[in-house]
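Here's the letter readout for the chains.
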Amino acid sequence: MLRHDFQPGRLVVGLTLILAGVLYAGDATGSWDIPWFVLFPVMSAGLCLAATAGLAARGIRRRRVSPDEREGVPGADPPE
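Trainee: What is the right way to look at the overall build of the protein in this model?
Mentor: Scanning the protein from N- to C-terminus turns up two helices and zero strands. Evaluated residue by residue, the protein yields a buried proportion of 14% over its 80 residues. Expressed as a percentage of contacts within the protein between residues at least 6 apart in sequence, the contacts between residues at least 24 apart total 51%. When the accessible area of the protein is evaluated, it comes to approximately 6900 Å², of which 64% is carbon and sulfur surface.

Structural data, given as structure tokens:
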């Protein structure tokens, strides 16, 4: 199995879409009554949280780059 970086932004987007699906499934089955416009604030908040999580993860990853890995990165300081 290939290893990959953890991407918290995608996790948050997935959970937001699952929440929206559960809300509308509950409305469709009659479990509760949800107005049609509820999806807009739920998706807006979820996408903003995902962007924040993605940017935070990117910033953390960029700081953890070792000097050996920086050689091919444009704008990185040359090794001393």
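Trainee: What exactly am I supposed to notice about the packing of aromatic side chains here?
Mentor: Two measures describe an aromatic ring pair: the distance that separates the ring centres and the angle between the ring planes. Enumeration according to the criterion identifies two aromatic pairs in this entry. Consider the rings of Trp36 and Phe40, whose centres lie 6.2 Å apart with planes at 90°: the pair is edge-to-face. Ring pairs connect the aromatic residues Trp36, Phe37 and Phe40, which therefore count as one cluster.

Trainee: Mind showing me how you'd approach the environment of Arg61 here?
Mentor: With respect to the helices and strands, the residue Arg61 is situated in helix 2 (residues 39-63). Classification of Arg61 by relative accessible area gives partly exposed; the value is 36%. Taking the C-alpha atoms as reference points, Arg61 and Asp5, separated by 56 residues in sequence, lie 9.5 Å from one another. Once residues lying within four places of it in the same chain are set aside, the contact partners of Arg61 are Asp5, Phe6, Gln7 and Pro8.

Trainee: Looking at this model, I keep getting lost on helix 1 (residues 8-29). Mind explaining?
Mentor: In an α-helix there are 3.6 residues to a turn, and that puts residues three or four apart on one side. In this model helix 1 runs 31 Å from its N-terminal to its C-terminal C-alpha over 22 residues, within 8% of the 32 Å that 1.5 Å per residue would give. Among all positions in helix 1, only Pro8, Gly9, Thr16, Ala20 and Gly26 are buried. The arc that holds every buried residue of helix 1, seen down its axis, measures 130°, which confines them to one face. In helix 1, those exposed residues whose orientation departs by more than 90 degrees from the buried face are Arg10, Ile18, Ala28 and Thr29. At its buried positions, helix 1 is contacted by helix 2. Two residues or fewer after helix 1 comes Gly30, characterised by a positive phi angle close to 90°.

Cut-offs and rules
Residues numbered from 1 in each chain as written. Predicted model: local features only at pLDDT ≥ 70, side-chain atom pairs only at ≥ 80, totals over all residues. Heavy atoms only, no water. Helix = DSSP H or I, 4+ residues; strand = E, 2+ residues; numbered from the N terminus. Buried < 20%, exposed > 50% of the residue type's maximum accessible area, 1.4 Å probe, protein only. Contact = heavy atoms within 4.5 Å. Areas by Shrake-Rupley, 256 points an atom, 1.4 Å probe, with all protein chains shown as cover. Phe/Tyr/Trp six-rings, centres within 6.5 Å; stacked < 30°, edge-to-face > 60°. Expected span 1.5 Å × (residues − 1). Arc of directions from axis to C-beta.

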